[in-house]
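Take a look at the letters that make up each chain.
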Amino acid sequence: MGVEAHATNERATGRTWTVRLDPVGRGRADVRVSCSRPACAAQVLPSAAVGRTAAVEHLKAHLRAGPAPRPSAYCACRAEECHTHIRPAGPRERPAPWRCGGAVVLAVVTDREGRWWQVMECCSRCAAAHPTAKIAATAPAPDRTAPADAFRAAAASVPAVSAVGPHFSHTASGAAVPHEVPAPRSERPPRPPRPTRQRARRGRIAQRFVPHELRPIALRDELTELGELFRAYQQRAEPDLAMLAGLHARKAKAFRAWAEVTADTGLRLDAERAEQAAATARLQHLHRSGQAPEGDGPAVTRLLTASAQWNHARAVLTHVADHSPLPGPEARLLVVMLTLRTAQSGVGNLVGQDLKGLPLPDPEHLVGQLVECGWLDIAGTVDELIASRPESPTRIGVPSLTPDESDPGPFTFGRKMRPKLSGWAQRVVGEKKLRKAKTAADARLLALALATGVSLDGQLGPEGEGLALEALASWCAVTPGELLELVDRLTATDWLTEVAVTDTVLTGRLTERVLPLSCPLT
């Protein structure tokens, strides 16, 4: 016993390290990716999706560059006394740790939310005890040929058995009794191979294992097949929203049947979430393909086609409302357009026609005020900016939007998204009838607000409940009394119809003419 304990203590403890994804601060979209290895420095990335991708790639790089699991390593879980997966016990029983055994493996364990990934050099039994563990590598089997060779050498050194056997008292004669020696194993007929036991396939779907004993068998097979189809869909190079909607619908039906069989409330809630995911994917497919939801009415081909783009447009308008450096609707409109020009990197190009095309009585004065207060940087003078042409644009910058290592900026969209949002805002502000009616900056600000605050069919507010007058007046930098005049202007220019105004709410609908410019609330 003492020899075994001494040998165990000499074995190297299994390696373990963790890659984490943590928020940088409350209310911020950027995240920090850190690794417990001392040589790895933390990274700050602009969004959780980008950070999760970077964390997984960092972990894969460690697994590719690191050494394979060692066959003689001491299980990391056992070194930690199996704190991570102690079997539950009754009130009169002591918790029993998992019994270690099997080959040494490198197991990757993660949480369901995707916030941390831990690599452990542990035994295969401990890895199997973790429901989310994935085996990255397995140690080679120990070399067992040396003991067999030693045994054969020892057997060869034993003297041959004498041909004369022992004499017993009941033997009639003193003749030698031959002693039969069994034939070597190499000369024996081979034994028939033992039938191998086929382990039943164990399905997995949505971080849940499908029990092999689940009945009916058709439900078990459907859940197993769905799990494989979802994993295959994740490997696709291009998304197919129609296919994804069908998978979610099948999952909802299967999970509802599973919940009825097992009376599991969690499965019933998962079925409801799958139904919602199917409806969302189906609606996104209709929007991207230019079809009308449920076949009602003609299709609306919007300038911004996806819900993510609509949310980004609302995020820009909200940011400008909270951080506008100057008062007044003219300054607010100019800040919106300049923010969209510089949103992704904090810098952009501008020409004089971009300013002259806006309904601003004195654009030179407004640009000068933005430069004086430090919100805007321009290369050259204001007069040179007004006189610049498309072949020689002026470089501008907004310091508050410029990302750095400690602050990635207020927006999370990428380089390709920025020109789409900027083009959408220019189309709304420079809409043909608004230009012909020579509407001022306040009316065009209201047009932006209404375009981002409608339902799919163009009704103002979520589900047609309307928009608050106080919020609209604050966004347009006018008083509630002046807001009613702006509503009349948009109605006269065929932007609004079925308008009704109460003391607090504006209800109505965008006209069919301007629905392609809308960003529905989803």
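Check the entry above for the structure.
If you're wondering where the values come from, they're calculated on a predicted model, not measured in any experiment.

(A) Layout of the nonpolar core. Core analysis: the largest hydrophobic core is formed by 71 residues, its most contacted members being L334, L376, W424, L446, L450 and W495. Counting residues per element, this core draws most heavily on helix α16 (residues 441-451), at nine residues. Excluding its chain neighbours within four sequence positions, the residues that come into contact with W424 are L303, L304, A313, L448, A451, T452, L517 and C519. One finds L244, A245, A259 and L267 within the second-largest nonpolar core, a separate group that totals 19 residues.

(B) Here's a closer look at the sheet that holds strand β12 (residues 467-468). Taken in spatial order, the three strands line up as β12-β14-β13 in an open sheet, and their pairing is antiparallel. Each of the sheet's edge strands pairs with one partner strand only, and the pair in question is β12 and β13 (496-501). In this sheet, strand β14 (residues 505-510) lies alongside β12 in antiparallel orientation, the contact comprising two bridges. Its bridge partner lying in β14, A468 is registered against V505. Most of the contacts of helix α18 (residues 480-492) go to β13, to which it runs at about 155°, and overall it touches β13 and β14.

(C) The arrangement of the environment of S392 in detail. As for its position among the elements, S392 is in the loop between α13 (382-387) and β11 (394-397). S392 gets classed as partly exposed once you look at its relative accessible area, which sits at 44%. Separated by 42 residues in sequence, S392 and L350 have C-alpha atoms that sit 9.3 Å apart.

(D) Geometry of a negative patch on the surface. A surface patch of like charges, here negative, comprises D362, E364, D383 and E384. Assignment of secondary structure puts D383 in helix α13.

How each quantity is defined
- Residues numbered from 1 in each chain as written.
- Predicted model: local features only at pLDDT ≥ 70, side-chain atom pairs only at ≥ 80, totals over all residues.
- Heavy atoms only, no water.
- Core = buried A, V, L, I, M, F, W, Y, C linked by side-chain atoms within 4.5 Å.
- Buried < 20%, exposed > 50% of the residue type's maximum accessible area, 1.4 Å probe, protein only.
- Helix = DSSP H or I, 4+ residues; strand = E, 2+ residues; numbered from the N terminus.
- Contact = heavy atoms within 4.5 Å.
- Pairing = 2+ DSSP bridges.
- Axes fitted to C-alpha atoms, helices over the stretch in contact; angles between N-to-C directions.
- Patch = residues over 30% accessible without salt bridge, like charges linked within 9 Å, V, L, I, M, F, W, Y side chains within 5 Å.
- Areas by Shrake-Rupley, 256 points an atom, 1.4 Å probe, with all protein chains shown as cover.
- Salt bridge = Lys/Arg side-chain N within 4 Å of Asp/Glu carboxyl O.
- Lys, Arg positive; Asp, Glu negative; His and termini not counted.
- Charge placed at Lys NZ, Arg CZ, Asp CG, Glu CD.

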